[in-house]
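Notes for the structure review
Single-letter residue listing:
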Amino acid sequence: MARVARIVAVALALLAAGLVIAIALLFPWGPISGLRVENARRTTAPPRIVVIFSTPTTIEAILKRKRAGFIRAKLSDCRTGDTLASEVVAQRAGYLRDDGRVQRRPRPSSPASYVAIFDDVTDRQGQLCFSLDGGSMWAGKLWSDQIPLTLTPG
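Residues numbered from 1 in each chain as written. Predicted model: local features only at pLDDT ≥ 70, side-chain atom pairs only at ≥ 80, totals over all residues. Heavy atoms only, no water.

**Some words on the environment of Pro 111**
Mapped onto the elements of the fold, Pro 111 is located in the loop between β6 (102-104) and β7 (113-119). Sequence separation between Pro 111 and Pro 56 is 55 residues; the distance between their C-alpha atoms is 8.3 Å. In contact with Pro 111, not counting residues within four places along its chain, are Thr 58 and Arg 104. (Helix = DSSP H or I, 4+ residues; strand = E, 2+ residues; numbered from the N terminus. Contact = heavy atoms within 4.5 Å.)

**Some words on the pairing of β7**
Where strand β3 (residues 47-54) meets β7, seven bridges bridge the pair, whose relative direction is antiparallel. Looking at the pairing, Val 50 lines up with Ile 117 of β7. Strand direction decides the pairing type here: β6 and β7, joined by three bridges, are antiparallel. Of the residues in β7, the one forming a bridge with Val 102 is Ala 116. (Pairing = 2+ DSSP bridges.)

**A closer look at unusual backbone geometry**
In this structure, Pro 46 follows Ala 45 across a cis peptide bond, with omega equal to -5°. Assignment of secondary structure puts Pro 46 in the loop between β2 (36-44) and β3. Located in the positive-phi region is Arg 67, a residue other than glycine, with phi close to 55°. Within the secondary structure, Arg 67 sits in the loop between α2 (59-65) and β4 (70-77).

**Things to note about a nonpolar patch on the surface**
A contiguous nonpolar surface patch, about 390 Å² in accessible area, is contributed by Val 4, Val 8, Leu 12 and Leu 15. Take Val 4: it is sitting in helix α1 (residues 2-26). (Patch = residues over 30% accessible without salt bridge, like charges linked within 9 Å, V, L, I, M, F, W, Y side chains within 5 Å. Areas by Shrake-Rupley, 256 points an atom, 1.4 Å probe, with all protein chains shown as cover. Salt bridge = Lys/Arg side-chain N within 4 Å of Asp/Glu carboxyl O.)

**Quick word on the pattern of salt bridges**
This structure, assessed with the given rule, holds eight salt bridges. Across the pair Asp 133 and Arg 72 runs a salt bridge whose closest N-O atoms are separated by 2.7 Å. Taken together, the residues Asp 133 in strand β8 (residues 128-135) and Arg 72 in strand β4 connect sequence positions 61 residues apart. For Lys 141, the salt bridge is made with Asp 133, and the minimal N-O distance between the two is 3.6 Å. Take Asp 133: its relative accessible area is 4%, and that puts it in the buried class. Within the structure, one salt-bridge network assembled from shared partners comprises Arg 48, Glu 87, Arg 101 and Asp 119. (Buried < 20%, exposed > 50% of the residue type's maximum accessible area, 1.4 Å probe, protein only.)

Structure below.
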């Protein structure tokens, strides 16, 4: 009886380990590291927030390596983490609205440098933070650190 219980316990442990590995392989999960904000400014006509940012590798390479469906740039309230605005950086299936407001920079100092344009959300209280996140429509979660923005006019 004890031998059967041990066999069942080992079988359940192997099944659980296999399930964890399968989930890890099927769904994107983990940090997007190395995000850097090079410049953030507020324009007045039209009212926009422009963020120039870079990553160690291209967003397309991150999307492929993490097996994600999409990656987006977002502005959030640093204190609460609430998303105030977001724009698609890259996606595979085209199921998210993409207004083309995040573009790779031509001839940047870094090969993975981008410019993101958001509607001005500075009428909301609180410090603005910039970050990247993503995942797939089914499951998974990608995230970067939130970087507080100091907006310059221009």
